[in-house]
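Summary of structural features
Each chain, letter by letter, is given below.
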Amino acid sequence: MILQMKAARCLQIAEVWKSLRDGRKISFLGTVLIYGKVHRMKDTRKKYLSALVVLLFLFLLTFLILYLKQKDRTQVQEAEVEEGGQTEEKSLYAGTARWLEENLSEIEEMERIQPVIQEEMVYSFLQGPRSWSEGIPWSGEWSEFEVEGNPFGGFGCGLCCMANIYNTLSPYEVSPWDMFEHAKIASDYKPGGEYGAIDWEAMGCALSVCGIRNELHTKPRTYEEFQQQVRNAKSAIVLVSSGNDDSFWTNTPGHYVNIWLYQEDGTVFLAEPGNPENNRLRIPLRYIYDALKTVSRFQYLLVKDYVHEDNRWRANGINENWNRP
């Protein structure tokens, strides 16, 4: 009986041990399965995180590019330069700006180059209405303009001479009336109904603003000194009077004329705004010297040179009707 009880007891213990052993196997297999699932989830998360990082980088890169483009566009729009009443926008591309700079420099250089002056290149405007009515070359409708009842044909000789010089030496072209308007702004020139002729100081000042370097002179003691000055000058505006000498000019109390191109035979090329018959003739320089109006504070203005960089006017274009030669 006791042996039977012990055998039954051992059998129970064996069954319990078997159950425990089988349970451990099941737990171990479950653990392995669970670990495999968790590991696969971690791999999947890593893949998604990598893709997310790449997408985030591309988004930031795209945003940065768009921001820089918008910044450049804003800077270009804000970098506007006003000049002469017109607005210019700076180029966005450095290559284009460099090309423009190089070509504009070439244009400026071409404007600075002054060809050797020939007689046919010299401007010689006429001031009077008779020349205009007869259709004579170099005359224009400015001869019919008035200032407080004072006709341009009666006082415009000096302004015609100034326009001659500006047009001949610079790459631009203006009318005597344009020079009249310019002189009123650039100098103390104040024409009126009683007196319209431009004075020496106003003449020199207005020409300086145009880039024309000039000097005012009184009549030298000797003709030879005057001759040397004219020989070395580009041009000259001289004030002549028949009261000093009437060999060439008669009935002329005071009159501005323009002389060019001294030659060793002692002659100069005359631009005579008041007399179409004498306009564009070569005459002895001695006639000029003898007829210089000595009662004036100055007798002539020497043109030394045209300097393009000094030209702050740079007007161009004649709006009035005129008889172009």
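Summary of the structure given here. (Residues numbered from 1 in each chain as written. Predicted model: local features only at pLDDT ≥ 70, side-chain atom pairs only at ≥ 80, totals over all residues. Heavy atoms only, no water.)

Here we take up helix α7 (residues 200-209). Among the 10 residues that make up α7, 7 are buried, leaving the element largely enclosed by the rest of the structure. When we look at burial in α7, the residues that qualify are W200, A202, M203, G204, A206, L207 and V209. Looking at the buried positions of α7, the neighbouring elements they touch are α5 (157-169), α6 (176-186), β5 (210-217), β6 (235-240), β7 (255-260) and β10 (300-311). Note on α7: the residue one or two positions beyond its end, G211, has a positive phi of about 85°. (Buried < 20%, exposed > 50% of the residue type's maximum accessible area, 1.4 Å probe, protein only. Helix = DSSP H or I, 4+ residues; strand = E, 2+ residues; numbered from the N terminus. Contact = heavy atoms within 4.5 Å.)

It is worth spelling out the sheet that holds β7 at this point. Strand order across the open sheet formed by 6 strands is β5-β10-β6-β7-β8-β9, with antiparallel pairing between neighbours. Taken across any chain shown, the strands that pair with only one partner, and hence form the sheet edges, are β5 and β9 (281-284). This sheet shows a mean twist of 40° between the axes of neighbouring strands, independent of strand direction. Alignment of β7 against strand β8 (residues 267-271), held across 3 bridges, turns out to be antiparallel. Residue pairing across strands places I259 opposite L270, the latter belonging to β8. Packed on one face of the sheet, helix α8 (residues 223-232) meets β5, β7, β8 and β10 and runs near 20° to β10. (Pairing = 2+ DSSP bridges. Axes fitted to C-alpha atoms, helices over the stretch in contact; angles between N-to-C directions.)

Running from N to C, α6 and α7 point in directions that differ by 100°, and their axes come no closer than 9 Å. Comparing their axes, α7 and α6 come out roughly perpendicular. Where α6 abuts α7, its residues H182, A183 and A186 lie against C205, A206 and V209. Within the contact of α6 with α7, the residues separate by chemical class into 5 nonpolar, 1 polar and no charged. (Parallel < 35°, antiparallel > 145°, perpendicular 65-115°, else oblique. Nonpolar A, V, L, I, M, F, W, Y, C, P; charged D, E, K, R; others polar.)

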